[in-house]
Amino acid sequence: MTTMRPPTDPAELHRLMSLMTGDEKHSAAATSTLDVLQVLYDRVLQVDPEHPDDPVRDRFLLSKGHGPMAFYAVLAAHGFLDESELATWAQPGSRLGLHPDRVLVPGVEIGSGSLGHGLPLAVGTALGLRIRGLTTPRVFVLVGDAELDEGSNHEAIAYAGRSGMANLTAVVVDNASATHRGELAELFLTEGWRAITVDGRDHDVLETALTAAHDDRPLAVVAVVESKG
């Protein structure tokens, strides 16, 4: 299981996304996450489409599940899905719903879409791996900045920071959608996390942040993007 793969062509990802059509595309939500997803799957995550349930795989949880087109496109680009299936998105009988389904779609770790659940689930996943003695796998969760309006996330942030969850990384895609604004990194720093704010469209900077050392504490990467959704 390796992390270094041939880089995905951004134009190819947009082509794959274009195969999914319909009235519930949440296009802005999808495109706001595309760069982070591409860097994670191209450069960071240790996952294998041939063995999607490998117990020592990294776990990626998409909390911002209401715009899954980018996620499905990246999964297809990396062999978890067949490209031909993308055209069935949101159709009756399709595995590819408006929100990802962990039971139906290879490579999907949680069913998501209802905002505010992904980060608490990621904390539970990281804790479960630690209890099982699996020290190699890392847990990455992608949340939208507006999700941080939810109290469940603040509880998860506080618990993870105090529990020294060094195997946990939260990526906050900041597209200025949150109701209660402020310095997002401070939400994590005050609870004992390491937190880094970066340009969410710069792939090299994203890779450096996502692989930064964070000792015995969790890591938060605030990826600032321009699109809203």
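- The name recorded for the protein in an unreviewed UniProt entry is Thiamine pyrophosphate-dependent enzyme, from Actinomycetospora termitidis.

## Here's the deal with the packing of helix α2 (residues 27–44) against helix α7 (residues 203–210)
So, step 1. It is at 10 Å that the axes of α2 and α7 come closest, and there the two elements cross at 65°. Considering the relative orientation of α2 and α7, their crossing is right-handed. Residues D35, V36, Q38, V39, L40, R43 and V44 of α2 touch α7, and the partners they reach there are H203, D204, L206, E207 and L210.

## Describing the nonpolar core
So, step 1. Counting 45 residues, the largest nonpolar core has V36, L37, L40, Y41, F60, F71 and L75 as the members making the most contacts within it.
So, step 2. In this structure, L75 is in contact with Y41, F80, L81, V105, P106 and V108, ignoring residues within four places of it in sequence.
So, step 3. Counting residues in each nonpolar core, the second largest holds 26 residues, with A122, V143, V172 and A185 among its members.

## Observations regarding the sheet that holds strand β2 (residues 139–144)
So, step 1. Across the sheet, which stays open at both edges, the 5 strands sit in the order β1-β2-β3-β5-β4 with parallel pairing between neighbours. Both outer strands of the open sheet, β1 (59–62) and β4 (194–199), are each paired with one neighbouring strand and no more. In this sheet, adjacent strand axes meet at a mean angle of 20° when their direction is disregarded.
So, step 2. By the bridge criterion, 6 bridges tie strand β3 (residues 168–174) to strand β5 (residues 219–224) in an arrangement that is parallel. Looking at β5, one finds that V171 is bridged to V221.

Analysis parameters
- Residues numbered from 1 in each chain as written.
- Predicted model: local features only at pLDDT ≥ 70, side-chain atom pairs only at ≥ 80, totals over all residues.
- Heavy atoms only, no water.
- Axes fitted to C-alpha atoms, helices over the stretch in contact; angles between N-to-C directions.
- Helix = DSSP H or I, 4+ residues; strand = E, 2+ residues; numbered from the N terminus.
- Left-handed = near helix turned anticlockwise from the far one by under 90°.
- Contact = heavy atoms within 4.5 Å.
- Core = buried A, V, L, I, M, F, W, Y, C linked by side-chain atoms within 4.5 Å.
- Buried < 20%, exposed > 50% of the residue type's maximum accessible area, 1.4 Å probe, protein only.
- Pairing = 2+ DSSP bridges.

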